[in-house]
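Chain and residue survey
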Amino acid sequence: GAVVSQHPSRVICKSGTSVKIECRSLDFQATTMFWYRQFPKQSLMLMATSNEGSKATYEQGVEKDKFLINHASLTLSTLTVTSAHPEDSSFYICSASNRLGHTDTQYFGPGTRLTVL
Amino acid sequence: LAKTTQPISMDSYEGQEVNITCSHNNIATNDYITWYQQFPSQGPRFIIQGYKTKVTNEVASLFIPADRKSSTLSLPRVSLSDTAVYYCLVGPIKAAGNKLTFGGGTRVLVKP
């Protein structure tokens, strides 16, 4: 398998502040990482695809100026929630693709619980 | 991306075998089938992946019929700790960057 970490695991912030979440691939290099959001009792929703050295690709309905993504190296992608509001409270999960043989499999981080007061 | 359909929930008892069937009628030739397990407040964990026939690893088996329009995840002798949501995903995975679309998943409850 492959290990993906996220930091922090949980964060509480005040409305209007910005929060940065880090996603790291620990034992492999990932040219592509993905960011998901999951609300309680719901499935994961893809927010954006993070590409190393280039701009992220956002899914329809996701504000790129609110959710800033930076993929500065092959092992690190960051998601910054700018001017957070209570409706941004959610579980944010990243994933990274690792090639095993002739297939690519996505491995997920443990998630970050964001609570905006 | 091929759409998948799974049962919303399933109940089982410790020691039993659990089989979860996923329908993916419009699966494409280059699509693979991947199953993930998710516990509350954790990221999904990769379980198994396959293209056709049968794949087995230390935790599960995946059965895929010849037409590949469905697949069945088999969990042998489940325990309480197997209570989780199980997601079936279908998509091409021969190149980095292939997006995954999660469906609703199957909520499995293992009872003592």
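So, here's what we can say about the structure. Small disclaimer: the values here were computed from a predicted structure and weren't measured.

1. Some words on the side chain of Asp88 of chain A
Mapped onto the elements, Asp88 of chain A comes out in the loop between strand E8 (76–81) and strand E9 (90–100). Contacts of Asp88 of chain A, omitting those with residues within four sequence positions, involve Lys66, Phe67, Val81, Ser83, Leu114 and Val116 of chain A.

2. Things to note about the nonpolar core
A general tendency of soluble globular proteins is for nonpolar side chains to be buried together. Residues and elements named next belong to chain A. Core analysis: the largest hydrophobic core is formed by 26 residues, its most contacted members being Val4, Trp35, Phe67, Leu79, Tyr92 and Leu114. Where this core is concerned, the elements lending two or more residues are strand E2 (10–13), strand E3 (19–25), strand E4 (32–38), strand E5 (45–51), strand E7 (67–73), E8, E9 and strand E11 (112–116). For Val4, the contacting residues outside a window of four places in its chain are Cys23, Arg24, Phe28, Cys94, Ala96, Tyr107, Phe108, Gly109 and Pro110.

3. Observations regarding the interface of chain B and chain A
Taken together, the contact between chain B and chain A spans 22 residues of the former and 26 residues of the latter. Carbon and sulfur atoms make up 51% of the surface buried where chain B meets chain A, a total of about 1,800 Å² over both sides. For the chain B face of the interface with chain A, the top three residues by lost area are Lys99, Leu100 and Phe102 of chain B, together amounting to 23%. Applying the counting criterion to the chain B and chain A interface returns zero salt bridges. For the pair chain B and chain A, the number of links is six residue pairs in polar contact (both at pLDDT 80 or more). Here the side of chain B that touches chain A is composed, by residue class, of ten nonpolar, nine polar and three charged.

4. Focus: the pattern of salt bridges
Considering all chains together, one arrives at three salt bridges over all chains under this definition. A salt bridge links Asp88 of chain A to Lys66 of chain A; its shortest N-O distance comes to 2.8 Å. Pair noted here: Asp88 of chain A is in the loop between E8 and E9 and Lys66 of chain A is in the loop between strand E6 (57–58) and E7, with a separation of 22 residues, a long-range link. Between Lys111 of chain B and Asp11 of chain B there is a salt bridge, with the nearest N and O atoms lying 3.2 Å from each other. Residue Lys111 of chain B is found in strand E9 (residues 106–111), and its partner Asp11 of chain B is found in strand E1 (residues 9–13); the two are separated by 100 residues along the sequence.

5. Quick word on the pairing of strand E8 (residues 84–92) of chain B
Residue and element names in this part refer to chain B. Taking burial as the measure, the nine residues of E8 include eight buried ones, the bulk of the element. Pairing of strand E3 (residues 31–38) with E8 involves eight bridges; the strand directions are antiparallel. What sits directly across from Gln38, in E8, is Val85. Note that E8 and E9 share three bridges and pair antiparallel. Bridge pairing in E9 places Tyr86 opposite Thr106.

What counts and how
Every residue gets a number counted from 1 within its own chain, in the order that chain's sequence is written. Starting at A for chains and at 1 for ligands, labels are handed out in the order in which the entities are written. Selection of residues for local features in this predicted model requires a pLDDT of at least 70, selection of side-chain atom pairs for listing and counting requires 80 or more, and totals for whole chains, interfaces and linings are taken over all residues. Derived side-chain values reflect all non-hydrogen atoms in the structure, with water molecules and hydrogen atoms excluded from consideration. In DSSP terms, a helix is any run of H or I states spanning at least four residues, a strand is any run of E spanning at least two, and both are numbered starting from the N terminus. Throughout, a contact is declared for two residues whenever any of their heavy atoms are within 4.5 Å. By nonpolar core is meant a set of buried Ala, Val, Leu, Ile, Met, Phe, Trp, Tyr and Cys residues that side-chain atoms within 4.5 Å join together. Buried means the residue's accessible area, taken with a 1.4 Å probe over protein chains only, is under 20% of the maximum for its type, while exposed means over 50%, and partly exposed covers the values in between. Once two parts are brought into contact, the accessible area they lose, counted with a 1.4 Å probe and summed over both, makes up the buried area. The working definition used for a salt bridge is a side-chain nitrogen of Lys or Arg within 4 Å of a carboxyl oxygen of Asp or Glu. Distance and chemistry together define a polar contact, namely a pair of N or O atoms within 3.5 Å, with one atom able to donate a hydrogen and the other to accept it when in protein, and with adjacent residues in sequence counting only for side-chain atoms on both sides. Three classes are used, and their members are as follows: Ala, Val, Leu, Ile, Met, Phe, Trp, Tyr, Cys and Pro are nonpolar, Asp, Glu, Lys and Arg are charged, and the others, Gly among them, are polar. Being paired, for any two strands, means DSSP has found at least two bridges between them.

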